[in-house]
Amino acid sequence: AQSVAQPEDQVNVAEGNPLTVKCTYSVSGNPYLFWYVQYPNRGLQFLLKYITGDNLVKGSYGFEAEFNKSQTSFHLKKPSALVSDSALYFCAVRAHFSGNTGKLIFGQGTTLEVKP
Amino acid sequence: DSGVTQTPKHLITATGQRVTLRCSPRSGDLSVYWYQQSLDQGLQFLIQYYNGEERAKGNILERFSAQQFPDLHSELNLSSLELGDSALYFCASSVDSSGALSYNEQFFGPGTRLTVL
């Protein structure tokens, strides 16, 4: 069965420091991986995705993620956090053998709090 | 703004009632996905429609149904509502194509918050 785990419910970081939000996955075959961010009372916003190719993926708002096949991880990173990055972050996966549907399996979410 | 619209934003109703949630996808997107977000279950995929036809089904209760109309807007119907159906319901759209593997990102609407009393 496909699954995504975000081992930390909350990550706290000081503004200006690097941040990492962790994600591990379990799928059959090659994974398609996504990161979304949810601000309070808003829908999810797409940040970045890994389909194939370079293991380091760059996305919106200065975020990037590193795909590690041996560790089945897809951690979200940013070199310098901003207070405005404080939000709920979701990792999601779509398995290669899901047919022609793009349905996503989401992790439980990680709350990122960036303090001034 | 993702370009996906959902109405209403909030819905308060009683147990046993039926409600309809509406979604308009981004211009040009043929796929509509419905997700449910609740505190205990997290974000769960309910159902996907592609160009008017059901393409995939997830953890959708039999009391729930959906459809996609010729103009591509979609409706999610929830009936015989229970307290546990209280949640945020999201619609998402993407530019999937027929028959092909889909790895396009999905664009989410702002959601409909359903409260069942």
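Check the entry above for the structure.
Predicted, not measured: the structure shown is a model, and the values here were computed from it.

A. Structural context of the overall build of chain A. Scanning chain A for helices and strands turns up zero helices and 12 strands. The order of helices and strands in chain A, counted from the N terminus, is β-β-β-β-β-β-β-β-β-β-β-β. In terms of overall size, chain A behaves like a compact globule, its C-alpha atoms giving a radius of gyration of 14 Å where 116 residues would be expected to give roughly 13 Å. Across its three principal axes, chain A shows a C-alpha extent of roughly 45 × 30 × 25 Å. Total accessible area computed for chain A in this model is approximately 5300 Å², and 49% of it derives from carbon and sulfur atoms. Treating the 10 positive side-chain charges of chain A as one cloud and the 8 negative ones as another, the clouds have centres 9 Å apart.

B. Quick look at unusual backbone geometry. All names here are of chain B. Residue Pro8 is bonded to the preceding Thr7 through a cis peptide linkage, with omega at -10°. Even without being a glycine, Ser80 presents a positive backbone phi close to 45°. Ser80 gets classed as partly exposed once you look at its relative accessible area, which sits at 40%.

C. Structural detail: the packing of aromatic side chains. Enumeration over the complete set of coordinates arrives at 17 aromatic pairs over all chains. Taken together, a centroid distance of 6.1 Å and an interplanar angle of 85° make the contact between Phe90 of chain A and Phe106 of chain A edge-to-face. Linking Phe90 of chain A in strand 10 (residues 87–95) with Phe106 of chain A in strand 11 (residues 105–106), this pair joins segments that are 16 residues apart in sequence. Each member of the pair Phe90 of chain A and Phe106 of chain A is classed as buried. Taking the ring centre of Phe107 of chain B as reference, the NZ or CZ of Arg26 of chain B above it sits at 3.8 Å. Above the face of the Tyr50 of chain B ring, Arg55 of chain B is positioned so that its terminal group lies 4.0 Å from the ring centre.

D. Local environment of the interface of chain B and chain A. Listed as interface residues are 22 residues of chain B and, on the opposing side, 21 residues of chain A. Interface area, chain B with chain A, both sides summed: about 1800 Å², of which 58% is carbon and sulfur. Along the contact surface separating chain B from chain A lie one salt bridge. Note that Glu105 of chain B is salt-bridged to Lys49 of chain A, the shortest N-O span being 2.7 Å.

E. Quick peek at the pairing of strand 8 (residues 64–68) of chain A. Residue and element names in this part refer to chain A. Summarising the sheet, strand 7 (residues 56–58) and strand 8 pair through three bridges and their orientation is antiparallel. In the sheet register, Val57 faces strand 8, and the bridge partner there is Ala65. Between strand 7 and the antiparallel strand that follows it, strand 8, lie five residues; Tyr61 among them carries a positive phi value of about 60°. Pairing between strand 8 and strand 9 (residues 73–78): five bridges, direction antiparallel. Note on strand 9: the bridge partner recorded for Glu66 is His75. What sits between the antiparallel neighbours strand 8 and strand 9 is a turn of four residues, in which Thr72 has the positive phi angle 45°.

F. Summary view of the state of the cysteines. Per the counting criterion, the structure on display carries two disulfides over all chains. A sulfur-sulfur separation of 2.0 Å characterises the disulfide bridge that pairs Cys23 of chain A with Cys91 of chain A. Because the torsion about its S-S bond is -60°, the bridge between Cys23 of chain A and Cys91 of chain A counts as left-handed. Separated by 68 residues along the polypeptide, Cys23 of chain A in the loop between strand 3 (19–21) and strand 4 (24–26) and Cys91 of chain A in strand 10 bring together distant segments of the chain. Accessibility expressed as a relative area gives 0% for Cys91 of chain A, which makes it buried. Residue pairing for Cys23 of chain B: its cysteine sulfur links by disulfide to Cys91 of chain B, the two sulfurs lying 1.7 Å apart. Judged by the sign of its S-S torsion, about -45°, the bond between Cys23 of chain B and Cys91 of chain B is left-handed. Taken together, the positions of Cys23 of chain B in strand 3 (residues 19–24) and Cys91 of chain B in strand 9 (residues 87–94) put the pair 68 residues apart, joining distant regions of the chain. Across the pair, exposure class does not vary: Cys23 of chain B and Cys91 of chain B are buried alike.

Reading the values: the criteria
Residues numbered from 1 in each chain as written. Chains lettered and ligands numbered in written order. Predicted model: local features only at pLDDT ≥ 70, side-chain atom pairs only at ≥ 80, totals over all residues. Heavy atoms only, no water. Helix = DSSP H or I, 4+ residues; strand = E, 2+ residues; numbered from the N terminus. Rg over C-alpha atoms; globule rule 2.2 N^0.38 Å. Areas by Shrake-Rupley, 256 points an atom, 1.4 Å probe, with all protein chains shown as cover. Lys, Arg positive; Asp, Glu negative; His and termini not counted. Charge placed at Lys NZ, Arg CZ, Asp CG, Glu CD. Buried < 20%, exposed > 50% of the residue type's maximum accessible area, 1.4 Å probe, protein only. Phe/Tyr/Trp six-rings, centres within 6.5 Å; stacked < 30°, edge-to-face > 60°. Lys NZ or Arg CZ within 6 Å of the ring centre and 35° of its normal. Contact = heavy atoms within 4.5 Å. Buried area = accessible area lost by both parts, 1.4 Å probe. Salt bridge = Lys/Arg side-chain N within 4 Å of Asp/Glu carboxyl O. Pairing = 2+ DSSP bridges. Disulfide = S-S within 2.5 Å.

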